[in-house]
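The lines below spell out each chain.
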Amino acid sequence: MNVCIVFSARIDASIGGVESVCKKLTEELTKRYNVNFFYVYTDGEKINGDATYFKLPKHIDVDNASYSAYALSSFFRRNKIDIIWYHEQNDALLQKLVFTVGERENIRTVSVYHCNPSILFSDLKDRFAYSCFKFIEYRKFVPVLFDVLTMPLRYLKVIRRTQKYLRSFFVYSHNLVLVSNKLRDEYVKLSALSESDRIKAISNPILPVKYSFCPEKKENLIVVVARHVWLQKRLDRIIRVWKKVMERFAAWELIILGDGDARQDYMHLAKSLHTERLSFVGIQDPSEYYKKAKILCMSSSSESFGLVLTEAQQYGCVPIAYRSYSSLDDIIEDGKTGFAVKPFDEDEYIEKLTRLMSDDSLREGMALQAMQSVKKFYVEEIAKQWMTLFSSMLKS
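Residues numbered from 1 in each chain as written. Predicted model: local features only at pLDDT ≥ 70, side-chain atom pairs only at ≥ 80, totals over all residues. Heavy atoms only, no water.

A closer look at the overall build of the protein chain
(1) Moving on: Check the secondary structure of the protein chain and you find 14 helices and 13 strands.
(2) Moving on: Relative to the compact-globule value of 21 Å for 396 residues, the protein chain shows a C-alpha radius of gyration of 22 Å, a close match.
(3) Moving on: When the backbone C-alpha atoms are referred to their principal axes, the protein chain occupies close to 65 × 55 × 45 Å.
(4) Moving on: Taken across its 396 residues, the protein chain has 54% of its residues classed as buried.
(5) Moving on: On the protein chain, roughly 18,600 Å² of surface is accessible, and the fraction owed to carbon and sulfur atoms is 51%.
(6) Moving on: Separation of charge centres in the protein chain, based on 57 positive and 49 negative side chains, amounts to 3 Å. (Helix = DSSP H or I, 4+ residues; strand = E, 2+ residues; numbered from the N terminus. Rg over C-alpha atoms; globule rule 2.2 N^0.38 Å. Buried < 20%, exposed > 50% of the residue type's maximum accessible area, 1.4 Å probe, protein only. Areas by Shrake-Rupley, 256 points an atom, 1.4 Å probe, with all protein chains shown as cover. Lys, Arg positive; Asp, Glu negative; His and termini not counted. Charge placed at Lys NZ, Arg CZ, Asp CG, Glu CD.)

Digging into the nonpolar core
(1) Moving on: Counting 59 residues, the largest nonpolar core has V40, L72, F76, Y187, V223 and L296 as its most contacted members.
(2) Moving on: In terms of residues, this core owes the most to one element, helix α2 (residues 65-78), which gives five residues.
(3) Moving on: Excluding its chain neighbours within four sequence positions, the residues that come into contact with V223 are I255, L257, Y289, Y290, A293, I295, L296, C297 and C317.
(4) Moving on: Counting residues in hydrophobic clusters, the runner-up holds 38 residues, among them F213, A270, Y322 and L353. (Core = buried A, V, L, I, M, F, W, Y, C linked by side-chain atoms within 4.5 Å. Contact = heavy atoms within 4.5 Å.)

Some words on the sheet that holds strand β13 (residues 339-341)
(1) Moving on: A sheet is described by the order of its strands in space; here six strands give the open sequence β10-β9-β8-β11-β12-β13, paired in parallel fashion. What marks the edges here is a single partner per strand, and that holds for β10 (278-282) and β13. Pairwise comparison of adjacent strand axes, ignoring direction, gives a mean angle of 20° for this sheet.
(2) Moving on: The pairing of strand β8 (residues 221-225) with strand β11 (residues 295-297) spans two bridges and is parallel. Within β11, the residue paired with V223 across the bridge is L296.
(3) Moving on: Of the strands in this sheet, β8, β11 and β12 (318-322) touch helix α10 (residues 307-314), which is tilted by about 175° from β11.
(4) Moving on: Sheet strands touched by helix α13 (residues 360-373): β11, β12 and β13. Its angle to β12, the strand with the most contacts, is close to 90°. (Pairing = 2+ DSSP bridges. Axes fitted to C-alpha atoms, helices over the stretch in contact; angles between N-to-C directions.)

A look at the packing of helix α1 (residues 17-33) against helix α14 (residues 379-395)
Relative orientation and spacing of two packed helices are given, respectively, by the angle between their axes and the distance between those axes.
(1) Moving on: Where α1 contacts α14, the axes come no closer than 9 Å and their chain directions differ by 75°. It follows from the interaxial angle that α1 and α14 lie roughly perpendicular. The segment α1 lies against α14, with K24, L25, E28, L29, R32 and Y33 engaging V379, E380, I382, A383, K384, W386, M387 and F390.
(2) Moving on: Each residue belonging to the contact of α1 with α14 can be placed in one class, and the counts come to nine nonpolar, no polar and five charged. (Parallel < 35°, antiparallel > 145°, perpendicular 65-115°, else oblique. Nonpolar A, V, L, I, M, F, W, Y, C, P; charged D, E, K, R; others polar.)

Considerations on the pairing of strand β9 (residues 253-257)
(1) Moving on: Of all five residues that make up β9, four are buried, and the element is covered over most of its length.
(2) Moving on: In this structure, β8 lies alongside β9, joined through five bridges in parallel fashion. Bridge pairing in β9 places V225 opposite L257.
(3) Moving on: For the segment spanning β8, helix α7 (residues 236-245) and β9, crossover handedness is right-handed.
(4) Moving on: Pairing geometry for β9 and β10, over four bridges, is parallel. (Right-handed = clockwise from strand over helix to strand, strands pointing away.)

A word on empty space enclosed by the protein
(1) Moving on: Counting across every chain of the model gives three cavities of 30 Å³ or more.
(2) Moving on: The wall of the largest cavity is formed by F213, P215, K218, K294, G316, V318, R363, E364 and A367.
(3) Moving on: Take the lining of the largest cavity: its biggest share by element is three residues, from α13.
(4) Moving on: Grouping the constituent residues of the lining of the largest cavity by class yields four nonpolar, one polar and four charged.
(5) Moving on: A volume near 50 Å³ is recorded for the second largest cavity. (1 Å grid on protein atoms, 1.4 Å probe; cavity = no way out; pocket = protein on both sides within 12 Å on 5 of 7 lines; lining within 4 Å. Points joined across faces, edges and corners; volume = space filled by probe spheres on them.)

Details of the packing of aromatic side chains
(1) Moving on: Overall, the coordinates contain 25 aromatic pairs when judged by the stated rule.
(2) Moving on: Here Y211 and Y315 contribute two aromatic rings whose centre-to-centre distance is 5.2 Å and whose plane-to-plane angle is 65°, an arrangement assigned as edge-to-face. Placement of the pair is Y211 in the loop between β7 (199-201) and β8 and Y315 in the loop between α10 and β12, with a sequence separation of 104 residues.
(3) Moving on: Between F305 and F377 the ring centres are 5.4 Å apart and the planes differ by 85°, which places this aromatic pair in the edge-to-face class. Of this pair, F305 sits in the loop between β11 and α10 while F377 is found in the loop between α13 and α14, placing the two residues 72 residues apart along the sequence.
(4) Moving on: F377 sits in the buried class, given a relative accessible area of 3%. (Phe/Tyr/Trp six-rings, centres within 6.5 Å; stacked < 30°, edge-to-face > 60°.)

Describing the environment of I255
(1) Moving on: Inspection of the secondary structure puts I255 in strand β9.
(2) Moving on: For I255, a relative accessible area of 8% corresponds to the buried category.
(3) Moving on: Through-space distance from the C-alpha of I255 to that of Y165 is 37 Å; in sequence the pair is 90 residues apart.
(4) Moving on: What I255 contacts, discounting residues up to four positions off in sequence, is L221, I222, V223, V224, S279, V281 and Y289.

Quick word on the packing of helix α4 (residues 119-138) against helix α5 (residues 142-171)
(1) Moving on: The interhelical angle for the contact between α4 and α5, taken along N-to-C directions, is 170°, at an axis separation of 10 Å. Classified by the angle between their axes, α4 and α5 sit roughly antiparallel to one another. Taken together, the residues of α5 that come into contact with α4 (itself represented by L120, F121, L124, R127, F128, S131, C132, K134 and F135) are P143, V144, D147, V148, M151, R154, Y155, V158, I159, R161 and T162.

Structure below.
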């Protein structure tokens, strides 16, 4: 079977979540099912001497569409492509081109929607919250006033944009895959689709790790692993929670991994709140912190899946997160494999976090259950689901 992955960048697991998912799955599908992979990308330099890669123009328009279609068609024919595996999230013209060429060459297309369908609505609220933060911390009044005046118009634009984009993503796919079946109803509602039989659900994979849980080796450490951006991640919530629990738990420490545009804002907030034993350590290998940490905290406004939760669970690091997205229930069974908190109830978050910090027996029991539960996301199981879908598409 020959499968062509379409994504904006080359598949590099060190770059981000989508790339990491693709890398894990391609290696497993090649090893276990002898699937051959080819790649179409748009960003970066052209790769010479590697026939498995094909570069399209970064922006598809009327001037290059005909040539791009011809060249793409030739690439598909030359490599006898059976399945187009589309992963790019932000280029409707590229998706239309790839699907149209694939149809002409009698190739089936499956698209993966890696985001939460309601992400733009969540971003709108977070953008306003960020403007309020800048007003409170830096006395910048104009961004708040601008957001207040333009919010109704922005909301209408988000409704139209979301419906148009989600419908387009569905139309230009023979099958559409979400990372959780719990996102299906949300996707159908926001896109105003009349049918959803072609929508499937396959979770993101994790690689099995060699780790033996030993409570005595765990430290009084809480870890946060996230991009330092304001939209979606909202690390300010964790910083404010920590301010309220740190004095009661003087032996505990909070470490935040990652980097991003809002790093200085988060550090400024931590300093203004006079937090103690809170460290920003930048981009690090999270596995080394999962091994030591007893708890992982997440404070996101929206996620599609939440890969860091499953990664932490493998190491007996118990997660706590806001139930701000429906697929969280695939990962956390509240009170058994972690804690899920009503969005965005800070008091409940603090209550459940302090229970984990103070009750060793509860936390260690949840850690063991999480380590068993997370096995359903092992890459071998997820690759098997993808292979089943690919095979069914070729038969249809």
